[in-house]
Every structure is written in C-alpha cells, then in structure tokens.
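# Observations on the model geometry
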Amino acid sequence: MSHAFYLDVDRCTGCFACAVACMDQNDLEVETESIAWRQVFPITLGEGPDARLRYISLACMHCEDAPCLMACPTGAIARETGTRVVKVRSEFCIGCHSCSIACPFGVPRFGKDGTMQKCDLCSVRLENGLDPACVRVCPTKALRQGDPNDLGLEVGRKAAERFAGP
Ligand code: SF4
Ligand code: SF4
Ligand code: SF4
C-alpha cells in the first residue's frame with residue numbers, strides 16, 4: 001500500500017507537537033531547527049477584520065513525480081516499491097544539495113554527517129503497523145497518513161462541506 005500525508009488546516013492549532021515528535025523520533029537536535037524534517041509555518045488568510053491565522057505543518061510529501069529523485073546525480077534518492085516512500089540512501093549521497101535545490105519546498109536538509117536528510121515517513125514504524133510519530137502525537141487529528149486514494153476522498157468531502165457552507 002502506498003502512503004501519503006493529509007493535513008486538515010482547519011484543525012491545525014500550530015502546537016508544534018508533530019515537529020517535536022519528528023525530532024525525537026529521528027534524533028534531531030531541537031536547537032538546530034534548520035535541519036528539522038517537519039516544520040510548522042503560520043500563514044494569514046484574508047485581510048483586516050476578516051484576517052485569520054492558520055498553520056501549515058510541512059514535511060516531505062513523497063511526490064509521485066519527485067523532482068528531487070530526478071535531480072540526484074548518484075541515484076541516492078529512490079522510491080520504495082511497496083510503500084512509494086521517497087527515501088535518501090545515505091550510502092550513495094555525496095551531499096551536493098541537488099535534491100534540495102530541485103525540491104519546490106527545499107525539503108532535503110544537509111545533515112551533520114555530510115549527507116542530505118529528510119522525512120522517510122517513519123518507514124520503520126509503518127512496517128510495524130504504526131502511524132508515523134508526527135501523526136501519532138497530533139492532538140486534533142489534523143495530520144493523518146494513509147492511502148492517497150482514501151485521503152483524496154477526504155479532500156473531496158472537505159471541499160463539498162465548504163461549498164455547502166455552515
Ligand atoms: S523532497 Fe521535495 S520533491 Fe522530493 S519527494 Fe519530498 S517534497 Fe517531493
Ligand atoms: S513521518 Fe516521521 S520522519 Fe516524516 S515528518 Fe513525520 S515524524 Fe518526521
Ligand atoms: S501536531 Fe497537529 S495540530 Fe499540532 S501543529 Fe502539528 S498538525 Fe498542527
């Protein structure tokens with residue numbers, strides 16, 4: 001089964017629990033936010049009295065048509081056949097930053113070991129039937145993961161709700 005993330009922006013409170021859980025799961029240093037694999041960004045929608053603050057929790061989206069994968073000169077970024085997760089194979093990575101430049105979101109980070117690093121969708125947890133660490137801790141269930149087809153149905157349902165109004 002392939003996997004993808006789904007974020008319900010209306011439910012995200014910007015609590016950063018997902019970002020902290022990711023750092024803990026992957027032994028990243030909390031004080032070095034520039035190497036965080038998941039980050040939470042505030043965004044303002046609308047203007048004046050209608051302005052609303054929302055948050056976007058962002059990590060690698062394991063794109064179907066992944067520019068990072070195509071940009072890597074050594075084949076260090078590969079897609080797993082079963083899960084479709086886009087992974088860095090650090091043994092082949094020369095730390096050239098090509099993947100990070102090619103990614104529209106600048107997701108791959110330069111790690112302290114001299115190789116590029118990014119979210120692997122907590123593959124080890126998935127293999128053991130567990131949700132990724134970031135998904136597990138989200139207190140509002142804003143962040144979920146699952147089959148892209150099921151998540152697409154959820155996106156469609158949300159859009160229909162918005163269209164129908166309150
Ligand atoms: S690193 Fe960027 S381009 Fe590559 S799969 Fe993740 S989001 Fe897509
Ligand atoms: S799936 Fe795992 S590695 Fe990816 S952002 Fe969530 S906690 Fe981090
Ligand atoms: S844990 Fe959930 S609610 Fe908190 S910032 Fe992350 S996605 Fe948003």
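So, here's what we can say about the structure. Since we're looking at a predicted model, the values are computed, not measured. (Residues numbered from 1 in each chain as written. Chains lettered and ligands numbered in written order. Predicted model: local features only at pLDDT ≥ 70, side-chain atom pairs only at ≥ 80, totals over all residues. Heavy atoms only, no water.)

### A short note on the site of ligand 2
Neighbouring ligand 2 are 13 residues; Cys22, Cys119, Cys122, Pro132 and Cys134 lie closest to it. Tallied by class, the residues present in the shell around ligand 2 amount to 10 nonpolar, one polar and two charged. (Near = heavy atom within 4 Å. Nonpolar A, V, L, I, M, F, W, Y, C, P; charged D, E, K, R; others polar.)

### Focus: the nonpolar core
The tendency in soluble globular proteins is for nonpolar side chains to be buried as a group. The biggest cluster of nonpolar side chains holds 19 residues, and the ones touching the most others in it are Phe5, Cys119, Leu121, Cys134 and Leu143. Mapped by element, the contributors of at least two residues to this core are helix 1 (17–25) and helix 5 (133–137). Looking at which domains feed residues into this core, each of domain 1 (1–59 + 122–150) and domain 2 (61–118) supplies at least three. Sequence-distant contacts of Leu121, that is, excluding residues within four places in its chain, are made with His3, Phe5, His62, Val85, Leu126 and Pro132. Listed in part, the nine residues of the second largest apolar core include Cys72, Ala76, Cys99 and Met116. (Core = buried A, V, L, I, M, F, W, Y, C linked by side-chain atoms within 4.5 Å. Buried < 20%, exposed > 50% of the residue type's maximum accessible area, 1.4 Å probe, protein only. Helix = DSSP H or I, 4+ residues; strand = E, 2+ residues; numbered from the N terminus. Domains from an automatic or database assignment. Contact = heavy atoms within 4.5 Å.)

### Quick look at the site of ligand 1
In the vicinity of ligand 1 there are 13 residues, among which Cys60, Cys63, Pro67, Cys68 and Cys103 approach most closely. Grouping the amino acids of the shell around ligand 1 by side-chain chemistry returns 11 nonpolar, one polar and one charged.

### A word on the packing of aromatic side chains
Under the defined criterion, the tally for this structure stands at zero aromatic pairs. The side chain of Arg38 reaches across the aromatic face of Phe5, ending 4.6 Å from its centre. (Phe/Tyr/Trp six-rings, centres within 6.5 Å; stacked < 30°, edge-to-face > 60°. Lys NZ or Arg CZ within 6 Å of the ring centre and 35° of its normal.)

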